[in-house]
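Observations on the model geometry
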Amino acid sequence: QVQLVESGGGLVQAGGSLRLSCAASGRTFNMGWFRQAPGKDREFVAGISWNGGSTAYTDAVKGRFTISRDSSKNTVYLQMNSLKPEDTAVYSCAADTGYRANSVFTQPASYDYWGQGTQVTVSS
């Protein structure tokens, strides 16, 4: 059983930055960030492979968000710059503990564990 704890959410003005962190209680492989806005489906935001060698982003955040990981701390980060009001959502991290895949998982069903989520609100 792996527990994931997110932190770093909050309220920021448009154009500002936030860094989300997700600390895992055990070893993880592929990790991802997803978000869900009110009235919308959960969507993939960014993902990173087990060794950090591969990353992937949804088109809406490319060039603005950066995912990274510190395996020594079992922690994954999401640096979010140039935030827009449409980035407002609950952001959740997810972890796969199955195997060392070199590709990035973009589907929620590929992940075994989920964090509780952290709210990100971007004001205009």
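Residues numbered from 1 in each chain as written. Predicted model: local features only at pLDDT ≥ 70, side-chain atom pairs only at ≥ 80, totals over all residues. Heavy atoms only, no water.

Once that is clear, we can look at the overall build of the chain. The secondary structure content of the chain amounts to zero helices and 11 strands. From first element to last, N terminus to C terminus, the chain shows the α and β order β-β-β-β-β-β-β-β-β-β-β. Its C-alpha atoms give the chain a radius of gyration of 13 Å, near enough to 14 Å, the size a compact globule of 124 residues would have. Principal-axis analysis of the C-alpha atoms places the extent of the chain at approximately 40 × 30 × 25 Å. (Helix = DSSP H or I, 4+ residues; strand = E, 2+ residues; numbered from the N terminus. Rg over C-alpha atoms; globule rule 2.2 N^0.38 Å.)

By the secondary structure assignment, Asn30 is in the loop between strand E3 (18–24) and strand E4 (31–36). From its side chain, Asn30 meets the backbone oxygen of Ser103 in a polar contact 2.6 Å long. In this structure the side chain of Asn30 is engaged in a polar contact, spanning 3.3 Å, whose partner is the backbone nitrogen of Phe105. Contact partners of Asn30, with chain neighbours within four places excluded, come to Ile48, Ser49, Trp50, Arg69, Ala94, Ala95, Asp96, Ala101, Ser103, Val104, Phe105 and Tyr111. (Polar contact = N/O pair within 3.5 Å; in protein donor to acceptor, adjacent residues only side chain to side chain. Contact = heavy atoms within 4.5 Å.)

Within the secondary structure layout, Arg27 lies in the loop between E3 and E4. A C-alpha to C-alpha distance of 11 Å links Arg27 and Tyr99, two positions 72 residues apart in sequence.

In the structure shown here, the tally under the stated rule is five aromatic pairs. Relative to Tyr111, the ring of Phe105 has its centre 6.0 Å away and its plane inclined at 70 degrees; by these criteria the two rings are edge-to-face. Residue Phe105 shares its accessibility class with Tyr111, and that shared class is buried. With a centroid separation of 6.2 Å and an interplanar angle of 70 degrees, the aromatic rings of Tyr111 and Trp114 are classed as edge-to-face. Aromatic rings pair up to connect Phe34, Phe44, Phe105, Tyr111 and Trp114 into one cluster. Across the ring face of Trp114, the terminal group of Arg42 is positioned such that the distance to the ring centre comes to 4.2 Å. Sitting above the plane of the Trp50 ring, Arg100 keeps its charged end 5.3 Å from the centroid. (Phe/Tyr/Trp six-rings, centres within 6.5 Å; stacked < 30°, edge-to-face > 60°. Buried < 20%, exposed > 50% of the residue type's maximum accessible area, 1.4 Å probe, protein only. Lys NZ or Arg CZ within 6 Å of the ring centre and 35° of its normal.)

Attention now moves to the sheet that holds strand E1 (residues 4–7). Strand-to-strand pairing in sheets goes through backbone hydrogen bonds, with the strands running parallel or antiparallel. Reading across from one edge, E1-E3-E8-E7 is the order of the four strands in this open sheet, with antiparallel pairing throughout. The open sheet has two free edges, formed respectively by E1 and strand E7 (65–70), since each of these has just one partner strand. When the angles between neighbouring strand axes are averaged without regard to direction, this sheet yields 15 degrees. The pairing of E3 with strand E8 (residues 75–80) spans six bridges and is classified as antiparallel. The residue bridging Arg19 from the neighbouring strand is Gln79, located in E8. (Pairing = 2+ DSSP bridges. Axes fitted to C-alpha atoms, helices over the stretch in contact; angles between N-to-C directions.)

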